[in-house]
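The residues making up each chain are set out below.
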Amino acid sequence: MLLASLEAAQEGITITDHKGTICWVNAAFTRLTGYSAAEAIGQNPRVLKSGHHSPDFYNEMWAALSAGKHWMGTVVNRRKDGTVYTEELSITPVRNAEGTTTHYIGVKRDVTREQEARAALMESNNRYQALFQNAVDPIFIVDVEPGPVFRMKEVNPAFERTLGVPASLVVGRTPDEIWPPEHAAFIKRPHLECLEADGPIALEETLDLPVGRRRMATQIVPVRDASGRMVRQIGFSRDLTGRFRVEQQLRDKEEQLRFVLEGGRQGYWDRNMRTNSAEYSGRFLEILGYPSGELDTSLEAWFAHVHPDDLPQLHKIADSLLARETVHFQAEHRVRTKQGEWKWVDLRGQVVEKDAVGTPVRVAGTLTDISEARRTVEELRQAKEAAEAATQAKSEFLATMSHEIRTPMNGIIGMTDLLLDGQLPPEKREYAEAVRESSRALLTIINDILDLTRIEARKISFEAVPFSLRAALNEVFALLKPAADEKSLTFRLAYPPHAPEHFFGDPGRIRQVVINLAGNALKFTERGEVRIDVGWTTDRGGSVTIRVSDTGIGIARDALPLVFTKFWQADSSTSRRYGGAGLGLPISKQLVEGMGGAIEVESELGAGTTCTLVLPLKEAPPPPSTVAAANGNRTRFDGARVLLVEDNAVNQKLGLALLNKMGCQVELAADGFQASAIARDHAFDLILMDCQMPGMDGFETTAAIRKHESERGLARTPIVAMTAWAMNGDRDRCLQAGMDDYVAKPVAIDALRARLAAWIPPP
């Protein structure tokens, strides 16, 4: 009978043993927790824990139960489906005849909704109090008693502050108890109107208050009981005195603004969106060439004056205003004057009045004639384009001249190398070496001019390929060591053993910069030493420092700021004594900065110079050894068939001599037509192709050869461009034309040998 009663109870009931293990639960427990009797029996009630309570909460509960006391409290638990609920829990110990606790009976009631309702009620009350107490405008509550009698129940702080009437004077009293009869009747009038109207009323009135005369707008709203009888009225007031004052000041300011605009360059306009009309100032009409009263003020009429190409942007602005997406706008566009002239104007405006839902009602702004300014901008643009065209023409001229000079330089340097490779009497060898050194010096100047051209034309780019920095600097050291030995200078390269060797960067540009710096150091040092020191740090992603120092003549402190100026020399005597065009350091600085680095110079006259460059280089993995690397060590290409395409007679002789010297069987083509015909009839291991030739240039010749190979299904013959063009992008142009590689003139025998090794397979 007892268990049946417990089973039918609306509250969830559990029976646990003295250890807290659940022995029995009723159906209400299952409805509350989601656990069936089979799932709950054998479990500890902690299966319902939500984590909401601290361990101390449960310790206190268990301490009371262990002492044989009844425990009651509110617990936040978790159902089987994971949802959280709040219950009122009552736990009673059950004792046997000896007084020992054998079981615990727990009764739980779901109070989640009660808690939520209580919390909502508290929150609502808090919100009400917050709004009532902190409202900016006065609020007052009046009880309506039979009679009728209007008794002030409550006022907020804003009521006391705005009206200058303390709450203690009015709360709990009627107007007749507070004011003289005439004033009391004035105060009661709106409350009577609300009662008679049986609904809300609104009024605006001027009151003489302790704080002075005030213009007040008031709305009174009735509150009814369950039977519908009006038992209370709530009043909301707003002090309009300040607004009236501001509106008057605003009207005064508008008049002043109109006066200023009329006397200046800007025209003023004010458009009413409801009436589709506008007011235009005298200056506005003057810009368009219309006398007062003649110009149609509708929006459609204004759009009719706008240039057709500019209408879309004005339509977009109008749509944005009407969609309440913007309140300010500015547009430069063309308008047609009464005389038919097109003028550029700057139209600016903003929304100055909206309706209740925020749609613009009035939009006002200015109109400025900017035709002269636009003409100035256009003239500046044309001048800029002319200057850029002049710079481009200069760059193209310098590039062409560099090409024209490099072509004969290829013959001079190449033939001199061949001459020195043979047996010469000492005196003639000395002459030939002088020719070679002079040619190389001239080539250095040409290369500097070419780099300067690339930089000024912004046509220089940088690689980011893996390379060995140690190997690159060793090449520089080996190249410059003979010059140091000739002057009996100590020349050192210090590469830290712990520093990484391989980085991502542009090895060619880095070699060029270090050669410039170290070459200058050797040139301006008569005794002592020149050092190249390398440093490395992992800061900011990794950077390499290369410091070139010498014990040479140095630079005066006042001249240091000029060392990176193009064509600058410390003094004319230095230029005469040491030579040079003054381009090495300026070009080095721009190359270093182009790679994201920095360069600086420290020097003292007579005490040497130190140039430091810092490059942001990221470490790269060492490259694997390849067959191509081994193939690059070849010096002979006996039996290899090579087609040399070259139109310059001297370069023909040079190319034949170099290729024959390396064991190649060479056939010569003097132009593109001849080369195309020879390539169709004979197979070659490699074609060396000059790019600039009259009639049919190297690009067209390559295209013809590739077309012939494709049509006949022939194997692709490697074509290496051998050209005096050395501008940025020429390599890409050669590859896009169907060539496989590129070597710039003047062609050094080592560079030519490397290209042959890369493309001619070993026997």
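Let me begin by describing the structure that accompanies this report. (Residues numbered from 1 in each chain as written. Predicted model: local features only at pLDDT ≥ 70, side-chain atom pairs only at ≥ 80, totals over all residues. Heavy atoms only, no water.)

## A word on the overall build of the protein
Applicable threshold: Working definition: helices are DSSP H or I runs of at least four residues, strands are E runs of at least two. Numbering for both runs from the N terminus. Exposure categories follow from relative accessible area, calculated using a 1.4 Å probe and restricted to protein chains: below 20% of the type maximum is buried, above 50% is exposed, and the middle band is partly exposed. Pairs of residues are marked as contacts when any of their non-hydrogen atoms sit within 4.5 Å. Per-residue accessibility takes into account occlusion by the displayed protein chains alone, with areas from the Shrake-Rupley method and a 1.4 Å probe.
For the protein, the helix and strand inventory stands at 25 helices and 28 strands. The burial tally for the protein puts 40% of its 763 residues in the buried class. Considering only intrachain contacts with a sequence separation of at least 6, the fraction spanning at least 24 residues in the protein is 55%. Of the accessible surface of the protein, which amounts to about 41900 Å², a share of 54% is contributed by carbon and sulfur atoms.

## What about the pattern of salt bridges?
Selection criterion: The salt bridge definition used is simple: a Lys or Arg side-chain nitrogen within 4 Å of an Asp or Glu carboxyl oxygen.
Scanning the entire structure with this criterion turns up 38 salt bridges. In this structure, the salt-bridge partner of glutamate 332 is arginine 374, at a minimum N-O distance of 3.0 Å. You can see glutamate 332 sitting in strand 13 (residues 328-336) and its partner arginine 374 sitting in helix 14 (residues 371-421), a full 42 residues away along the chain. With a relative accessible area of 35%, glutamate 332 lands in the partly exposed category. Residue arginine 374 is classed as partly exposed on the basis of its relative accessible area, which comes to 31%.

## Overview of the nonpolar core
Put simply, the test is: What makes a nonpolar core is a set of buried Ala, Val, Leu, Ile, Met, Phe, Trp, Tyr and Cys residues whose side-chain atoms join them at distances within 4.5 Å.
Counting 41 residues, the largest nonpolar core has Leu469, Ile510, Leu517, Ile546 and Leu613 as the members making the most contacts within it. For this core, the elements supplying multiple residues, two or more each, are helix 16 (469-486), helix 17 (507-523), strand 19 (529-537), strand 20 (543-550), helix 19 (584-594), strand 21 (598-604) and strand 22 (608-615). Not counting chain neighbours up to four residues away, the residues in contact with leucine 517 comprise Val548, Leu585, Ile599, Cys611 and Leu613. Counting residues in each nonpolar core, the second largest holds 23 residues, with Ala278, Tyr290, Ala331 and Val335 among its members.

## Here we look at the pairing of strand 21
The following threshold applies: What makes two strands pair is DSSP finding at least two bridges between them.
In strand 21, alternate side chains face the same way, and those of Ile599, Val601 and Ser603 are buried while those of Ala598, Glu600, Glu602 and Glu604 on the opposite face are not. In this structure, strand 21 lies alongside strand 22, joined through seven bridges in antiparallel fashion. Bridge pairing in strand 22 places glutamate 602 opposite threonine 610.

## Details of the sheet that holds strand 11 (residues 266-272)
Sheets are built from strands that pair by backbone hydrogen bonding, the pairs being arranged parallel or antiparallel. Heads up, the rule is: For helices, the fitted line uses only the C-alpha atoms of the stretch in contact; every axis is such a line through C-alpha atoms, and the angle between N-to-C directions lies from 0 to 180 degrees.
The five strands are arranged 12-11-15-14-13 in an open sheet whose pairing can be described as antiparallel. The open sheet is flanked by strand 12 (277-280) and strand 13, the only strands paired with a single partner. Neighbouring strand axes in the sheet, compared pairwise and without regard to direction, differ in orientation by 25 degrees on average. Strand contacts of helix 13 (residues 311-322): strand 13, strand 14 (342-354) and strand 15 (360-369), with the helix running at about 150 degrees to strand 13, the strand carrying the most contacts.

## Observations concerning helix 16
Keep this limit in mind: For a helix, the expected span equals 1.5 Å multiplied by the residue count minus one.
Helix length check: helix 16, at 18 residues, gives a terminal C-alpha distance of 26 Å against a target of 26 Å (1.5 Å per residue), a fit within 8%. Inspection of helix 16 places Leu469, Ala472, Leu473, Val476, Phe477, Leu480 and Ala484 among the buried residues, and these make up the whole buried set. Considering only its buried residues, helix 16 is in contact with strand 16 (465-468), strand 17 (490-494), strand 18 (502-505), helix 17, strand 19 and strand 20. Remark: serine 488 follows helix 16 within two positions and exhibits a positive phi of approximately 60 degrees.

## A look at the packing of helix 21 (residues 649-661) against helix 25 (residues 749-759)
Note the following rule: Any angle between 65 and 115 degrees counts as roughly perpendicular, while under 35 counts as roughly parallel, over 145 as roughly antiparallel, and the rest as oblique. In this scheme the handedness of a crossing depends on how the near helix is turned from the far one: anticlockwise by less than a right angle means left-handed, clockwise means right-handed. Here the term charged refers only to Asp, Glu, Lys and Arg, the term nonpolar to Ala, Val, Leu, Ile, Met, Phe, Trp, Tyr, Cys and Pro, and the term polar to all other amino acids, Gly among them.
It is the contact of helix 21 with helix 25, at a shortest axis distance of 11 Å, that shows an interaxial angle of 60 degrees. Overall, the two elements helix 21 and helix 25 adopt an arrangement that is oblique. Seen along the crossing, helix 21 lies across helix 25 with a hand that is right-handed. Here helix 21 contributes Leu658, Leu659 and Lys661 to the contact with helix 25, which in turn contributes Ile749, Leu752 and Leu756. Classifying every residue of the contact of helix 21 with helix 25 gives five nonpolar, no polar and one charged.

## Re the sheet that holds strand 16
Pairing is antiparallel in the open sheet, where three strands are placed in the order 16-18-23. Strand pairing shows two members of the sheet lacking a second neighbour, strand 16 and strand 23 (618-619), which therefore form its edges. Sheet topology note: the strand 18/strand 23 ladder contains two bridges and is antiparallel. Residue pairing across strands places phenylalanine 504 opposite lysine 618, the latter belonging to strand 23. Helix 16 contacts strand 16 and strand 18 of the sheet and is inclined by roughly 60 degrees relative to strand 16.

## Some thoughts on the packing of aromatic side chains
Heads up, the condition is: Aromatic rings from Phe, Tyr and Trp, taking only the six-membered ring of Trp, are treated as a pair when their centres fall within 6.5 Å; an angle between ring planes under 30 degrees marks them as stacked, one over 60 as edge-to-face, and anything in between as tilted.
Within the structure shown, the criterion is met by eight aromatic pairs. Measuring from ring centre to ring centre gives 5.7 Å for tryptophan 62 and tyrosine 104, while their planes differ by 50 degrees; the resulting arrangement is tilted. Pair noted here: tryptophan 62 is in helix 4 (residues 55-66) and tyrosine 104 is in strand 5 (residues 101-110), with a separation of 42 residues, a long-range link. Judged by relative accessible area, which is 39%, tryptophan 62 ranks as partly exposed.

## Observations regarding the environment of serine 468
Applicable threshold: Within 3.5 Å is the distance limit for a polar contact, defined as a pair of N or O atoms, with the added protein rule that one can donate a hydrogen and the other accept it, and that residues adjacent in sequence qualify only through two side-chain atoms.
Mapped onto the secondary structure, serine 468 falls in strand 16. Taking the relative accessible area as the measure of exposure, serine 468 reaches 15% and is therefore buried. Sequence separation of serine 468 and proline 507 is 39 residues, and the distance between their C-alpha atoms is 8.1 Å. Non-local contacts of serine 468, meaning those with residues more than four positions away in its chain, are made with Glu501 and His502. A polar contact of 3.0 Å, which involves the side chain of serine 468, links it to the backbone nitrogen of alanine 471.

## Quick look at the state of the cysteines
Just so we agree on the cut-off: Note on disulfides: each one is a pair of cysteine sulfur atoms within 2.5 Å.
Summed over all chains, the structure comprises zero disulfides. With no disulfide of its own, cysteine 691 lies closest to cysteine 734 among cysteine sulfurs, the gap being 3.9 Å.

## A closer look at the packing of helix 16 against helix 17
Between helix 16 and helix 17, the shortest axis-to-axis distance is 10 Å and the interhelical angle comes to 30 degrees. Considering the angle they form, helix 16 stands roughly parallel to helix 17. Seen from above, helix 16 lies across helix 17 with right-handed handedness. Between helix 16 and helix 17, the residues in contact are Leu469, Ala472, Leu473, Glu475, Val476, Leu479, Leu480, Ala483 and Ala484 and Ile510, Arg511, Val514, Ile515, Ala518, Gly519 and Leu522, respectively.

## A look at the side chain of serine 549
Within the secondary structure layout, serine 549 lies in strand 20. With a relative accessible area of 18%, serine 549 lands in the buried category. If we skip the residues at most four places from it in the chain, serine 549 touches Glu529, Val530, Arg531, Asp533, Thr609 and Thr610.

## Some points on unusual backbone geometry
Look at the link from glycine 147 to proline 148: it is a cis peptide, with omega at -10 degrees. With respect to the element layout, proline 148 can be found in the loop between strand 6 (139-145) and strand 7 (149-155). Despite not being glycine, aspartate 198 shows a phi value in the positive range, around 55 degrees. When you line up the elements, aspartate 198 lands in the loop between helix 9 (181-197) and strand 8 (201-209). Its relative accessible area of 46% is what places aspartate 198 among the partly exposed residues. In this structure, arginine 324 is a non-glycine residue whose phi angle is positive, near 60 degrees.

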